[in-house]
Structures are given as C-alpha cells and as structure tokens.
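Remarks on the overall topology
Below, each chain spelled out in residue letters.
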Amino acid sequence: LLRSSQPLTGPNRRRCREDEKLLGTILDEGERGFIIDTRSAQAAKQARMSGGGTEPKSSYPQWRRLHRALDRGRPLQESFIRLVEACSDPSLSMDRWLSRLESSRWLGHVKAALSTACLVAQCLDREDSKVLVHGAEGTDTTLLVTALAQLILDPSCRTLEGFQGLLEREWIEAGHPFQLRCAHSASSHARGKQEAPLFLLFLDCVWQLSRQFPFSLEFGEQLLLALFDNAYASAYGTFLCNNEKERSLCKVKESTHSLWAWLNRPEEKQKFLNPLYSHNPLVIWPSVEPQSIQLWQGLFLRWIRPSQHLDEAWAEIQRLVEGN
C-alpha cells in the first residue's frame, strides 16, 4: 500500500520520468496495480488542463486508475457546520431533525470514506495487487483512505499501541496540516479558508468500525473523543504545526509533552481500553449500507444529552469482564 504525496506529473504537463520509473519498479513483469484517485475524474481533467493532474494511461501501462471522489476543504467543512448546527438545536421536530441531518451530507462523507478504504483493502487482500492512493496534495483524503484501509486489514493497527503508531505514521509524520485544518474550535463560526475536519472524519469512520465490530478494537470511544479534543485544543504538542519540518523548527518535541505519554500512563490507559476486546486476526469488512452508517451520538450530541447512564453501563461491563 503506497500513498502519493504529489501529483503524478510536473508543471506545464511535463512527464515525470522519475515517477514512471518508480512505479514501474514496484510491479513485476505482467503484474497489475491499482491507482485509487480520491479526486473525481472531472477534477483530475481540470487539473491536467491547467498544467498538472495526471499523465496519459500509456505512461503507466501496468496500472489501472480508479476514481473515487472524496470531498475535502470547504464542502466538507460546510457539511460539518450544518451537522453541528442541527445537533445543537433542541427545538427541532423529528421530521425537521431528520431532514437537516440528511441535508448536512455528513453521513454520506463517512460512507464514501469507508467505501474507498474497502476498495483499497479488497485490491490488496483479494486481488493481491499493489495499490497507490493518490489525492490532490497527499496530506488529506490520501491519508484518510490509507489509514482506514490498514485498520480494516491489519489487526495490529487495532490495538491501542498499534493505533497510536498508525496515527503517528499516517497522519503526523505524513504531514497532515493540523494547524490549518483545525485552526479554530470545531464548531466555530470563524471559517478559515484552510479548515476542514478530515481528521474528525477519520475518527468518525473508526467509531463506525468499533460499533460494527465491538470485540475487534482494543480501544473504545473515550480514546476517539480524547483524540478529537486534543486535535482542536491540547496541552500537548503532538498535533501542533502542519508538518515535521515546522515541528522541528519550533522545537515541539523539546518544548512540549507527548499526548501518547499521557494516554499510556497506567491510571489513564485503563479509561481508553475496550473491556470486550478479543484479538481478531481476520480482516474486518464494514457494511456501508445506509442503515449501517449511524450518527456518532457520543460526539455530536455530547453537549445536549447526558452520558451518565452510558458511562455507568460501560463501567458495569468492565466490572463484569474483570470479574470473569
């Protein structure tokens, strides 16, 4: 599984021989690979007409390109804002609430992300093929898809330690611009041009996996909520800046504490573990049918609906498991 961090062509539509050579060496003679492009075919065409985008298929004869468009930037941010506004309005009738939930299109973004990740996983697991995930800049939807595909395929990524490693590798070190994407509080009306809840969308998709496979992830919802909170406002330096170069220049590691060190303290770690966890060595294939994708109530309704009874039920489950 590979991810592209830059367009497959140079400026002014010059061929990039280095990319062609690199992708050519990945595949053996007669072997086929897949390029999953998270842009629409129309967006790729427009980028090509302006001097970038994609090269002709003839330049990559062993690779098959598949377009699976995922929204990013302003469309995704507007969708999230509409959802938050609906969830924050207690006066809505049932019909009005369902209408606003649907019009936000947030669950559609969740479905699209999981569907694309499943496609990547299928190419790797069932077709036994190499896969390159390609996006506009390689730091947003590309990371979303590659991280989800690894969770689906690799049981080690579904442990608490493995999940932290996945986040460090696929989001932080790979250069997701947390400072730009999470510039204000999640529900702020100050809408920066670069804001987009890509990392939140990833966490929502992980929650969908944890709900559909309640025994297969070692961590629970509390970890996902903690990651959401710390991505937007944190006393730790893990999600600061936009890339490794900026973190190095700002001496983040020398000047701040790591979020992972706090999460892994014995007295804290217990809060984030799933008491029902049982190691599952198999691939987990999530359902993306409309009735299978649900609103993450623990996050989006956390400020208007008390969680006391849910917390008590969770504590009782943990007590029963430990007693056995």
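So, a few notes on the structure that sits alongside this text.

Reading the values: rules and limits
Residues numbered from 1 in each chain as written. Predicted model: local features only at pLDDT ≥ 70, side-chain atom pairs only at ≥ 80, totals over all residues. Heavy atoms only, no water. Salt bridge = Lys/Arg side-chain N within 4 Å of Asp/Glu carboxyl O. Helix = DSSP H or I, 4+ residues; strand = E, 2+ residues; numbered from the N terminus. Buried < 20%, exposed > 50% of the residue type's maximum accessible area, 1.4 Å probe, protein only. Axes fitted to C-alpha atoms, helices over the stretch in contact; angles between N-to-C directions. Parallel < 35°, antiparallel > 145°, perpendicular 65-115°, else oblique. Left-handed = near helix turned anticlockwise from the far one by under 90°. Contact = heavy atoms within 4.5 Å. Pairing = 2+ DSSP bridges.

**With respect to the pattern of salt bridges**
- Tallying each qualifying case throughout the model produces 15 salt bridges.
- The partner of R100 in a salt bridge is D89, with the nearest N and O atoms 3.5 Å apart. Of this pair, R100 sits in helix α4 (residues 94-104) while D89 sits in the loop between α3 (74-87) and α4, and the two are eleven residues apart along the sequence.
- As a salt-bridge pair, R319 and E316 come within 2.5 Å of each other at their nearest N and O atoms. Residue R319 and its partner E316 are both found in helix α16 (residues 308-323); the two are separated by three residues, about one turn of the helix.
- The class for R319 is partly exposed, based on a relative accessible area of 49%.

**As for the packing of helix α6 (residues 141-153) against helix α7 (residues 160-172)**
- Relative orientation of the contacting elements α6 and α7 amounts to 155 degrees, with a least axis distance of 10 Å. Taken as axis vectors, α6 and α7 run roughly antiparallel relative to one another. Note that α6 runs across α7; the crossing there is right-handed. For the pair α6 and α7, contact is made by L143, L144, T146, A147, Q150 and L151 and by F163, L166, R169, E170 and W171, respectively.

**Considering the sheet that holds strand β1 (residues 2-3)**
- Ordered in space as β1-β4-β2-β3, the four strands form an open sheet in which the pairing is parallel. Every other strand in the sheet has two partners, leaving β1 and β3 (63-67) as the edge strands with one partner each.

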